[in-house]
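Chains, contacts and geometry: an overview
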Amino acid sequence: MSLTKATYSMIQGAVANVLDFGADPTGVASSSAAIQSAIDSLATSKGIVFLPKGTYRITASLTNTVSGVSLIGEGSAATIINNDHTGDAIVFGDAVNELTQCRIVGIKVQGSITSGRGFYGKIFGSQCELNDVYVNSGSVGIQLDTCYSSKYHNVWVKSTVSHGIFVNTQSHATVFSSCKVQLAGGNGMRIRGCYDVLVCSSTFEFNQINQINIETSCRDISVADNYFEGLMPYASGYAGVYVNTGANVVSVRNNFFDATQTGISGADGTGTFLRVDGGSRVEYKKNGYESIAASQHHVIFQSNADLCVATDLPQGCTYLNQSSNSRIFVDVGDEIGVSAYNSSAITYTNSSWNACEATTELYDPKNEWNASTSQFTPKDYGVYSWFAVAGVTALGATANFTLRLYNVTDSFEIAKGQNFSGGGSITNPIISCTFTEFLEPGKQYQVQLYLSDSTNRQSVSGQSTTKQVIKRVG
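Residues numbered from 1 in each chain as written. Predicted model: local features only at pLDDT ≥ 70, side-chain atom pairs only at ≥ 80, totals over all residues. Heavy atoms only, no water.

1. A word on the overall build of the protein
Note the cut-off: By the criteria applied, helices consist of DSSP H or I runs no shorter than four residues and strands consist of E runs no shorter than two, each listed in order from the N terminus. Only protein chains enter the accessibility calculation, which uses a 1.4 Å probe. A residue is then buried if its area is under 20% of the maximum for its type, exposed if over 50%, and partly exposed in between. Throughout, a residue-residue contact means that at least one pair of heavy atoms, one from each residue, lies within 4.5 Å. The method behind every accessible area is Shrake-Rupley, applied with a 1.4 Å probe, and residues are considered shielded solely by the protein chains displayed.
Across its full length, the protein holds two helices and 45 strands. Every one of the 474 residues in the protein was classed for burial, and the buried ones make up 52%. Contacts in the protein between residues far apart in sequence, at least 24 positions, make up 67% of those at least 6 positions apart. Roughly 18500 Å² of accessible area belongs to the protein as shown, and the carbon and sulfur atoms make up 48% of that amount.

2. Observations regarding the nonpolar core
Rule in force here: The nonpolar core is taken to be a set of buried Ala, Val, Leu, Ile, Met, Phe, Trp, Tyr and Cys residues, with the residues joined through side-chain atoms within 4.5 Å.
Counting 75 residues, the largest nonpolar core has Ile90, Phe124, Phe176, Ile191, Ile214 and Tyr284 as its most contacted members. Residues contacting phenylalanine 124, with those up to four places away along its chain left out, are Phe92, Leu99, Cys102, Phe119, Glu129, Leu130, Thr146, Cys147, Tyr148, Ser150 and Tyr152. Judged by nonpolar contacts, the second largest core, of 29 residues, contains Val338, Phe376, Phe435 and Val460.

3. Description of a nonpolar patch on the surface
Heads up, the rule is: In this analysis, a patch consists of residues with relative accessible area above 30% that form no salt bridge, clustered at 9 Å for like charges and at 5 Å for the nonpolar side chains Val, Leu, Ile, Met, Phe, Trp and Tyr. Put simply, a salt bridge is a Lys or Arg side-chain nitrogen that is within 4 Å of an Asp or Glu carboxyl oxygen.
Nonpolar side chains collect at one region of the surface, where Phe329, Tyr341, Leu362 and Tyr363 lie side by side and expose about 360 Å² of accessible area between them. Within the element layout of this structure, tyrosine 363 appears in strand β36 (residues 360-363). Classification of tyrosine 363 by relative accessible area gives partly exposed; the value is 33%.

4. Some thoughts on the packing of aromatic side chains
Rules: Any pair of Phe, Tyr and Trp rings, taking the six-membered ring for Trp, is counted once the centres come within 6.5 Å. Such a pair is stacked with planes under 30 degrees apart, edge-to-face with planes over 60 apart, and tilted for the rest. Both a distance and an angle decide whether a charge sits over a ring: NZ of Lys or CZ of Arg must be within 6 Å of the ring centre and within 35 degrees of the ring normal.
The tally for this structure, following the rule as stated, stands at 15 aromatic pairs. With centroids separated by 5.5 Å and ring planes inclined at 15°, the aromatic side chains of phenylalanine 204 and phenylalanine 228 adopt a geometry described as stacked. Of this pair, phenylalanine 204 sits in strand β19 (residues 203-205) while phenylalanine 228 sits in strand β22 (residues 227-231), and the two are 24 residues apart along the sequence. Its relative accessible area of 1% is what places phenylalanine 204 among the buried residues. Given a relative accessible area of 0%, phenylalanine 228 falls into the buried group. Between the aromatic rings of phenylalanine 257 and tyrosine 284, the centroid separation amounts to 6.1 Å while the plane-to-plane angle is 45°, which identifies the pairing as tilted. One end of the pair, phenylalanine 257, is in strand β25 (residues 256-261); the other, tyrosine 284, is in strand β27 (residues 280-285), and 27 residues separate them in sequence. Since its relative accessible area comes to 0%, phenylalanine 257 is described here as buried. What links up through ring pairs into an aromatic cluster is the set Phe204, Phe228, Phe257, Phe273, Tyr284 and Tyr289. One Lys or Arg, lysine 180, reaches over the ring of tryptophan 156 and ends 5.4 Å from the middle of that ring.

5. Remarks on the pairing of strand β26 (residues 272-276)
Keep this limit in mind: When DSSP finds two or more bridges between two strands, those strands count as paired.
Along β26, five of the five residues are buried, which leaves the element largely enclosed by surrounding structure. In the sheet, strand β23 (residues 241-243) pairs with β26 via three bridges, with the strands oriented parallel. Along β26, the bridge assignment pairs valine 241 with leucine 274. Across four bridges, β26 lies against strand β29 (residues 297-301) in parallel orientation. Its bridge partner being in β29, threonine 272 is matched across the sheet by histidine 297.

6. Some thoughts on unusual backbone geometry
Despite not being glycine, serine 137 has its phi angle at roughly 75°, a positive value. Relative to the assigned elements, serine 137 resides in the loop between β11 (128-136) and β12 (142-145). Accessibility expressed as a relative area gives 13% for serine 137, which makes it buried.

7. Regarding the sheet that holds strand β17 (residues 189-192)
For the record, the criterion: Each axis is a line fitted through C-alpha atoms, taken for helices only over the stretch in contact, and angles between the N-to-C directions span 0 to 180 degrees.
One open sheet holds the eleven strands; their spatial order is β5-β8-β10-β12-β14-β17-β20-β23-β26-β29-β31, and the pairing between them is parallel. This sheet does not close on itself; its edge strands, each paired only once, are β5 (62-64) and β31 (319-321). Strand-to-strand twist in this sheet, taken as the mean axis angle between neighbours without regard to direction, amounts to 5°.

8. As for the confidence of the model for the protein
Inclusion rule: For every residue, the predictor assigns a confidence score, pLDDT, that lies between 0 and 100.
Averaged over all residues, the pLDDT of the protein equals 87, while 89% of them reach at least 70. Taken together, the stretch residues 1-11 has pLDDT below 50 and engages in 23 contacts with residues farther than four places along the chain or on a different chain.

9. Focus on the side chain of serine 150
As for its placement among the helices and strands, serine 150 is situated in strand β13 (residues 150-158). Assessed through its relative accessible area of 0%, serine 150 is described here as buried. Leave out the neighbours within four places in its chain, and serine 150 touches Phe124, Gly125, Cys128, Ala173, Thr174 and Val175.

10. Some thoughts on the pattern of salt bridges
By the definition in use, this model includes eleven salt bridges. The salt bridge involving lysine 285 is made with glutamate 283; its shortest N-O contact spans 3.7 Å. Of the residues examined, glutamate 283 reaches a relative accessible area of 21% and is grouped as partly exposed. Put simply, aspartate 306 and arginine 327 hold a salt bridge, and the shortest N to O gap is 2.6 Å. On the criterion of sequence distance, the pair formed by aspartate 306 in the loop between β29 and β30 (308-313) and arginine 327 in the loop between β31 and β32 (328-332) is long-range, its members being 21 residues apart. Relative accessible area serves as the criterion here: at 48%, arginine 327 is assigned to the partly exposed category.

11. Regarding the environment of alanine 95
As for its placement among the helices and strands, alanine 95 is situated in the loop between β8 (90-92) and β9 (103-110). For the pair alanine 95 and aspartate 145, spaced 50 residues apart in the sequence, the C-alpha separation amounts to 7.8 Å. Dropping the residues within four chain positions of it, alanine 95 is found in contact with Lys122 and Ile123.

12. Some remarks on the state of the cysteines
What counts, and what does not: Only a pair of cysteine sulfur atoms within 2.5 Å counts as a disulfide in this structure description.
Enumeration according to the criterion identifies zero disulfides in this entry. In this model cysteine 102 remains outside any disulfide bridge; the closest cysteine sulfur is found in cysteine 128, 4.6 Å from its own.

If you want it as structure tokens, here you go:
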């Protein structure tokens, strides 16, 4: 048996075929000593340890502490290491010196509930990689301690007793792409004390705690373009992505969450997509959803969450904000549209309709608001909810004013809102009104106030509470 040309070209150096050292590919006899001898033979020359297709039973850990030594099989469906002892299967590194230019490629590691970790990296560092690796069962599938500047692609971890993948202790600048973690007894992925970790284009399914748990002292963690299914129910306190106290700068974007409860036949709509217990600067944007139910808590911000934003949540979802900090922004609805206010007094002309000005723009993602004219021009057809508050000062005894929604482009009144009549003790009234109307793209719309004052004054001052919020609701 020999390496394929494509596999051999991945790594230059000597080749140590484990069969030449007495390994048994039938899985009957222990191959631990033979494979370890093949690894040790490359201590000076560097290169690859080649495991032809077959099953290799090991009764001791396979260890390597030399840079430039890699373990290469003929594919995770063909080359199998059967971990038949209580220790770890493969250990790379000595936790003292950085290991560089090492790869584990094309190998399956299978174990039992009593066996140790499938792969344990100790300062598994620059230009190190796992590719086409499948870990089935064992205590933890993959654990990385201080494994910076390393990559993990096409890694599959299934049915571990505890966490599927544990990214631990300064494992900075690590990338996980096209991975799959299923049916872990703990977290699907646990990230602790790490900076600059990217998890993308991967799948997390039916793991028994959180699908991804981002813990204390983490910074700049990006979770993007992943698929989540089988979330634990809301009452469990777990989530698809869980951000714990001490985590800072976490981005959860463009993922798809299927909220089916953990267990292949679990109930739909009972899981939490994002839970932030105490992290700061956490953003949750442009994620997709399935299995949405009234009992769902899509986003939960607990008491210590700060500087967090969750947008593009579906209509009808439930979010919980228990944060004591005011710097939390949540948008429930397909899109927020426009939120604007006016911070200074306005002069309204007597006996005429005047625009309810809102000159300070807070949020306008589609550039639909004209601050100079207080007009809204939607980009899409739809039903919009338009909330407005207006106030005036020093009204006369028989004065009145009312609000209306007006189509400026076609010069017609769409709807008329609340009316206030004077004559009582209130001389500085404030009224509010919500219009829910179908609006057309390209048309200009405006909320206007009509003032009629018995004193026939030329103008009456408006109060500084004037504000408007517009959302597309259908």
